[in-house]
Amino acid sequence: MSTHYQTRYASSPKEVKKLDTQELRNEFLIQGLMKKGEINLTYTHFDRYIAGGAVPGSESLKLEAIEPLKADYFLERRELGIINVGSEGTIIVDGESFTLGYKEALYVGRGKKEIIFKSEDTQNPAKFYLNSAPAHKGYPTKKITRENAEIVELGALETSNARTINKLIVQSVVQTCQLQMGMTELKTGSVWNTMPAHVHDRRMEVYFYFEVPEDQAVCHFMGQPDETRHVWMKNNEAVISPPWSIHAGSGTSSYTFIWGMAGENLDYGDMDMAAIKDLK
Ligand SMILES: O=C[C@H](O)[C@@H](O)CC(=O)C(=O)O
Ligand SMILES: [Zn+2]
């Protein structure tokens with residue numbers, strides 16, 4: 001078995017308020033997603049969202065149904081979003097091949113039985129970042145690149161938050177049940193993401209940081225707007241954002257991250273903004 005998983009239970013703002021640094025990290029930080037020759041998943045009890053990574057080495061990797069799904073195959077009652085953050089690789093969905101270059105995405109709908117991951121060059125493997133949510137219906141598989149993504153420029157260099165939001169798996173681009181995913185790239189010299197910050201109690205979210213230089217870090221902010229906490233993060237680490245929490249970050253350099261969310265609606269713009277001056 002090359003598919004591994006860990007479980008995270010959901011927590012309330014009341015308990016999170018009392019956590020120390022390590023306890024906070026144990027609840028929300030996800031490390032070790034990208035291990036060569038393995039699939040590493042985290043099953044969260046926030047909207048039963050799964051986040052993880054698949055890094056096929058010399059052998060291809062098959063996505064197996066992990067025990068908590070109690071399913072014959074992974075996508076029996078789920079949908080899947082994949083973004084490649086490594087070298088070129090191929091995903092074979094019930095015999096149909098989709099090759100993903102760097103930063104390209106694939107949506108796979110409910111009901112697809114066999115998902116296989118392969119790297120083109122096993123020395124420089126593909127790194128597939130995976131998000132999955134429960135699904136009520138099977139929608140067609142679709143590859144998404146920059147050409148068919150919805151791209152929005154936000155922020156300014158003056159406020160250190162100039163960034164490009166690449167909406168990849170969103171309702172204007174591909175039909176999904178509840179999954180939404182995209183990638184935000186910080187402009188050189190800009191370090192703040194998702195600032196001004198927001199919450200959306202209707203949806204949970206997971207951030208996966210990459211293109212963080214080896215000797216740099218991203219300080220991720222979470223918590224209710226008037227009760228924030230921070231989690232220091234390295235390259236290729238993810239962090240769970242409960243639906244009641246802000247999710248924003250500031251880096252010691254520019255970086256890129258993937259956001260993914262699920263819950264009550266598919267409305268990306270449905271956010272409750274937290275004014276910067278009100279943050280505590
Ligand atoms: O709910 C949406 C997500 O938090 C992100 O898309 C926000 C983001 O990438 C940014 O502002 O930099
Ligand atoms: Zn958000």
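Every value quoted in this text rests on a predicted model; they were computed, and no experiment measured them.

A. Local environment of the overall build of the protein chain. The secondary structure content of the protein chain amounts to 2 helices and 24 strands. For 280 residues, the compact-globule formula gives about 19 Å, and the C-alpha radius of gyration of the protein chain, at 18 Å, lands near that figure. Taken over the C-alpha atoms alone, the protein chain extends approximately 55 × 35 × 35 Å along its principal axes. Long-range contacts, defined as pairs at least 24 residues apart, comprise 73% of the intrachain contacts of the protein chain with a sequence gap of at least 6.

B. The environment of Y43, seen in detail. Within the element layout of this structure, Y43 appears in strand β3 (residues 38-44). Other than its neighbours up to four places away in sequence, Y43 contacts Y5, T7, I50, I66 and P68.

C. Layout of the confidence of the model for the protein chain. Here the protein chain averages 98 in pLDDT, and 100% of its residues register 70 or above. In the model output, the complex is listed with pTM 0.98 alongside ipTM 0.99.

D. Fine view of the site of ligand 1. Taken together, L154, R163, I165, G182, T184, N193, T194, E205, H247, W259, M261 and M271 make up the full set of residues near ligand 1. Contributing elements (two or more residues each) for the shell around ligand 1: β14 (163-169), β15 (180-186) and β23 (256-263). Grouping the amino acids of the shell around ligand 1 by side-chain chemistry returns 5 nonpolar, 5 polar and 2 charged.

E. Region of interest: the sheet that holds strand β13 (residues 150-154). Taken together, the 7 strands give an open sheet; going across it, the order is β2-β21-β18-β23-β15-β14-β13, and neighbouring strands pair in antiparallel fashion. Looking at strand neighbours, the two that pair on one side only are β2 (29-30) and β13, the edges of this open sheet. Inspection of the sheet shows β2 paired to strand β21 (residues 237-241) by 2 bridges, in the antiparallel sense. From the neighbouring strand, L29 faces β21, where its bridge partner is V239.

F. Spatial organisation of the pairing of strand β7 (residues 89-93). Here β7 shows one buried face, formed by G89, I91 and V93, and one open face, formed by T90 and I92. Of the pairings in the sheet, the one linking β7 to strand β8 (residues 96-100) comprises 5 bridges and is antiparallel in character. Its bridge partner lying in β8, I91 is registered against F98. The turn joining β7 and β8, which pair antiparallel and follow one another in sequence, is formed by 2 residues; a positive phi near 45° is taken by D94. Bridge analysis of β7 against strand β10 (residues 115-119) gives 5 bridges, and the strand direction is antiparallel. For I92, the partnering residue across the bridge sits in β10 and is I116.

G. Layout of the UniProt feature "binding site: Zn(2+)" (unreviewed entry) in the protein chain. According to UniProt, the "binding site: Zn(2+)" (unreviewed entry) feature falls on H198, H200, E205 and H247. Despite a sequence span of 50 residues, these residues sit close together in the fold, their greatest C-alpha distance being 11.5 Å. By the secondary structure assignment, H198 is in strand β17 (residues 198-199). The class for H198 is partly exposed, based on 16 C-beta atoms found within 10 Å. Discounting chain neighbours no more than four positions away, the residues touching H198 are I246, M271, D272, M273 and A274. Structurally, E205 is set in strand β18 (residues 203-210).

H. Seen up close, the environment of I115. Along the chain, I115 falls in strand β10. Residue I115 is classed as buried on the basis of its 24 C-beta neighbours within 10 Å. In this structure I115 touches L63, F74, I91, V93 and V108, once residues within four positions along its chain are discounted.

I. Molecular detail of the sheet that holds strand β9 (residues 105-108). The sheet built from 7 strands is open, its strands ordered β1-β3-β4-β11-β6-β9-β12 with mixed pairing. Each end of this open sheet is capped by a strand with a single partner; those strands are β1 (3-8) and β12 (142-144). Recorded for the sheet is a direction-independent mean angle of 20° between the axes of neighbouring strands. The pairing of strand β6 (residues 78-84) with β9 spans 4 bridges and is classified as antiparallel. When the bridges of β9 are listed, L80 appears paired with V108.

How each quantity is defined
- Residues numbered from 1 in each chain as written.
- Chains lettered and ligands numbered in written order.
- Predicted model: local features only at pLDDT ≥ 70, side-chain atom pairs only at ≥ 80, totals over all residues.
- Helix = DSSP H or I, 4+ residues; strand = E, 2+ residues; numbered from the N terminus.
- Rg over C-alpha atoms; globule rule 2.2 N^0.38 Å.
- Contact = placed C-beta atoms within 7 Å.
- pLDDT = per-residue confidence, 0-100.
- Near = placed C-beta within 6 Å.
- Nonpolar A, V, L, I, M, F, W, Y, C, P; charged D, E, K, R; others polar.
- Pairing = 2+ DSSP bridges.
- Buried ≥ 20, exposed ≤ 12 C-beta atoms within 10 Å, placed from the backbone.
- UniProt positions renumbered as here; feature names shortened; annotations may be inferred.
- Axes fitted to C-alpha atoms, helices over the stretch in contact; angles between N-to-C directions.

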